[in-house]
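Listed below are the residues making up each chain.
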Amino acid sequence: MSNTLVAEERKMFRRSVLTKLRNDGKIPAVVYGRHEPSKSIAVKNIDLLKVIRENGKNGIISLDINGKSENVILEDFQWNPLNHDIIHADFLHINMTNEIHAKVHVDLIGTSKGEEEGGILQQSLHELNISAKPRDIPEVIEVDISNLGIGHTVNIGAIRNNYSHITINHDDDEVIATLLSPKFEKEDDSIEEQSENIQTINEK
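Computed from a prediction, not measured in an experiment: that's the story for all the values here. (Residues numbered from 1 in each chain as written. Predicted model: local features only at pLDDT ≥ 70, side-chain atom pairs only at ≥ 80, totals over all residues. Heavy atoms only, no water.)

Trainee: In this structure, what is going on with the overall build of the protein chain? I would like to understand it.
Mentor: The secondary structure content of the protein chain amounts to five helices and 13 strands. The 204 residues of the protein chain split such that 34% are buried. Put simply, of all contacts in the protein chain between residues at least 6 apart along the chain, 63% involve residues at least 24 apart. (Helix = DSSP H or I, 4+ residues; strand = E, 2+ residues; numbered from the N terminus. Buried < 20%, exposed > 50% of the residue type's maximum accessible area, 1.4 Å probe, protein only. Contact = heavy atoms within 4.5 Å.)

Trainee: How should I be thinking about the pattern of salt bridges in this particular structure?
Mentor: Close approach of charged atoms allows side chains of opposite charge to pair. Under the defined criterion, the tally for this structure stands at five salt bridges. Linking K39 and E70 is a salt bridge whose minimum nitrogen-to-oxygen distance equals 3.1 Å. Taken as a pair, K39 in strand 3 (residues 36-44) and E70 in strand 5 (residues 68-79) lie far apart in primary sequence, 31 residues in all. Here K39 falls in the partly exposed class, since its relative accessible area comes to 22%. Overall, E70 belongs to the buried group, its relative accessible area being 8%. Taking the shortest distance from any N to any O, the salt bridge between R160 and D172 comes out at 2.7 Å. Residue R160 is located in the loop between helix 4 (156-159) and strand 12 (167-168), and its partner D172 is located in the loop between strand 12 and strand 13 (175-180); the two are separated by 12 residues in the primary sequence. (Salt bridge = Lys/Arg side-chain N within 4 Å of Asp/Glu carboxyl O.)

Trainee: How should the environment of S131 be read in this particular structure?
Mentor: Note on placement: S131 falls in strand 9 (residues 127-132). It is 6.0 Å that separates the C-alpha atoms of S131 and E99, two residues lying 32 residues apart in sequence. Not counting the four nearest positions on each side in its chain, S131 is found in contact with E99, I100, H101, I166, T167 and N169. Among the polar contacts listed, one links the side chain of S131 to the side chain of H101, at a separation of 2.9 Å. Among the polar contacts listed, one links the side chain of S131 to the side chain of N169, at a separation of 3.0 Å. (Polar contact = N/O pair within 3.5 Å; in protein donor to acceptor, adjacent residues only side chain to side chain.)

And the structure:
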């Protein structure tokens, strides 16, 4: 896997220049942090997507600016909701020995006993806020729900020991997923239908 991303410094910031950059397949970006002066840069869209695909959104990137490599992570990015193209990116300088904050996607793995009995799985947390050294940040946090029965929940406290090398910045009682009973689902639908009927009557 390659984590090297070549960037070029930007000196001009007019809208027409940014439009030309994007038309040329490049993304305007900024790199900042660690008491370093902020730099306006541009990277190739296809190269950034490749690095994300191979190393994950929280992967360490060796950003090559004018032949000088700097360790960064992708702190944030903006994308076009119509075509899902990335239109701007923010990179953060990192010190490999210091903890940083990151958001990590939560994957529910396994098929729960409750689902096999007709229960409805509801996921409350899709991302977790964590603190960790850059090399310790997981690409995803996996939560095994195989033993989850109807009416049961899995919370942060149940997984914290599985990820002792990182700090999960959530309270132990925060719920990650719940197995709802089919009856609850039907009752919920019934309440919504009654609410719609009342609204319809009031509109007449």
